[in-house]
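Spelled out from the first residue to the last, the chains are:
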Amino acid sequence: MLNLSMKPTGWFQIGWSEEIRPGQAVPMRYFGKDLVAFRSDSGVLSVLDAHCKHLGAHLGHGGKVRKDCVICPYHGWAWDAEGRNADVPYQDAPTKAKLGKYTITQSYGLIYLWHDPAGGGTRG
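Everything numeric in this text was worked out from a predicted model, so none of it was measured.

The rules behind these values
- Residues numbered from 1 in each chain as written.
- Predicted model: local features only at pLDDT ≥ 70, side-chain atom pairs only at ≥ 80, totals over all residues.
- Heavy atoms only, no water.
- Salt bridge = Lys/Arg side-chain N within 4 Å of Asp/Glu carboxyl O.
- Helix = DSSP H or I, 4+ residues; strand = E, 2+ residues; numbered from the N terminus.
- Buried < 20%, exposed > 50% of the residue type's maximum accessible area, 1.4 Å probe, protein only.
- Pairing = 2+ DSSP bridges.
- Axes fitted to C-alpha atoms, helices over the stretch in contact; angles between N-to-C directions.

Trainee: Explain the pattern of salt bridges to me, please; I cannot follow it from the model alone.
Mentor: Oppositely charged side chains may form a pair once their charged atoms are brought near each other. Scanning the entire structure with this criterion turns up 3 salt bridges. Between R66 and D87 there is a salt bridge, with the nearest N and O atoms lying 4.0 Å from each other. Taken together, the residues span a long stretch of sequence, with R66 in strand β5 (residues 64-66) and D87 in strand β8 (residues 85-87) at a distance of 21 residues. For R66, a relative accessible area of 43% puts it in the partly exposed group. Assessed through its relative accessible area of 30%, D87 is described here as partly exposed.

Trainee: Looking at this structure, how should I read the sheet that holds strand β7 (residues 78-80)?
Mentor: Pairing between the strands of a sheet is mediated by backbone hydrogen bonds and can be parallel or antiparallel. Pairing is antiparallel in the open sheet, where 4 strands are placed in the order β5-β6-β7-β8. If you trace the sheet from one side to the other, it starts and ends with β5 and β8, each paired once. In this sheet, adjacent strand axes meet at a mean angle of 40° when their direction is disregarded. Bridge count for strand β6 (residues 69-71) against β7 is 3 bridges, and the pairing is antiparallel. Paired with V70 across the bridge in β7 is W79.

Trainee: Explain the pairing of strand β2 (residues 25-30) to me, please; I cannot follow it from the model alone.
Mentor: Within a regular strand, the side chains alternate between the two sheet faces. In this sheet, strand β3 (residues 33-39) lies alongside β2 in antiparallel orientation, the contact comprising 6 bridges. Residue pairing for β3: P27 is matched across the bridge by V36. Counted along the chain from β2 to the antiparallel partner β3, the turn is 2 residues long, and its residue F31 has a positive phi close to 55°.

Next up, the structure:
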């Protein structure tokens, strides 16, 4: 039996590259999910699930970028470009927590995100 889904799979434009400057975190909502796009100080663009694993704060609303991480506006947990917890300011070591990371590409000034309802292209 063929199992077909009416949910879209493929590359979808989610923004313009010039709209997300180095050091900026931007809230997004696509495919029924809250996301955060951020560009590291070195210019690397990442898109992650938006809610911090600590207490659920939205990283795109008040979150800051420090070096290669987006910082939670509540308690300062840092999340790297791969969605890994990189720092907890009041602990000696980060946790093993991870946020979902989305596969993206930039072409001709556009940002595209790979969406697959079955989870392909999402890590975390």
